[in-house]
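Read off the chains here:
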Amino acid sequence: MSVTTADAPTAQLTRQDRCDRCGAQAYVRATLATAGGGDLLFCGHHFRAHEAKLVGAGAQILDERHLIDA
Ligand SMILES: [Zn+2]
């Protein structure tokens, strides 16, 4: 049994994390509690586009948009 800490819900996003929609650096991770759900990564733009639906689905949101220093 191995524990991959990178998958822990509290793990922070890194430069290697990319928006699933456009490939930009991801600043928000949504973790779905559904069976086999997994994580979705979004840039700020695409998270805003999907935020209502994700929250409505009960996703756990890790929002690191405050780290955007564009
Ligand atoms: Zn995007």
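Rules of the game
- Residues numbered from 1 in each chain as written.
- Predicted model: local features only at pLDDT ≥ 70, side-chain atom pairs only at ≥ 80, totals over all residues.
- Heavy atoms only, no water.
- Donors = N, O, S within 2.8 Å, 3.2 Å for Na, K, Ca; no water.
- Tetrahedral: all angles 85-135°; square planar, octahedral: opposite > 155°, others 65-115°.
- Helix = DSSP H or I, 4+ residues; strand = E, 2+ residues; numbered from the N terminus.
- Salt bridge = Lys/Arg side-chain N within 4 Å of Asp/Glu carboxyl O.
- Buried < 20%, exposed > 50% of the residue type's maximum accessible area, 1.4 Å probe, protein only.

## What about the coordination of the zinc ion?
Consideration 1: Ligation of the zinc ion by protein atoms is provided by Cys 19 (SG), Cys 22 (SG), Cys 43 (SG) and His 46 (ND1), these donors lying 2.0 to 2.4 Å from the ion.
Consideration 2: For the zinc ion, the four donor atoms are set out with angles of 101 to 113° between them, so the coordination reads as tetrahedral.
Consideration 3: Along the chain, the residues donating to the zinc ion are arranged with the sequence spacing C-x2-C-x20-C-x2-H. Remark: Cys 43 occurs in the loop between β2 (38–42) and α1 (44–56) and Cys 19 occurs in the segment before β1 (28–32); sequence separation between them is 24 residues.

## Describing the environment of Gly 58
Consideration 1: Mapped onto the secondary structure, Gly 58 falls in the loop between α1 and β3 (60–63).
Consideration 2: With 25 residues separating them in the primary sequence, Gly 58 and Ala 33 have C-alpha atoms 7.3 Å apart.

## Regarding the pattern of salt bridges
Close approach of charged atoms allows side chains of opposite charge to pair.
Consideration 1: Under the definition given, this model contains two salt bridges.
Consideration 2: The residue Arg 29 makes a salt bridge to Asp 39 at a minimum N-O spacing of 3.9 Å. Taken together, the residues Arg 29 in strand β1 and Asp 39 in strand β2 connect sequence positions 10 residues apart.
Consideration 3: Classification of Arg 29 as buried rests on a relative accessible area of 6%.
Consideration 4: Residue Asp 39 is classed as partly exposed on the basis of its relative accessible area of 36%.
Consideration 5: Salt-bridge contacts for Arg 65 lead to Asp 63; the nearest nitrogen and oxygen are separated by 2.6 Å.

Any functional reading would require information beyond the geometric quantities listed.
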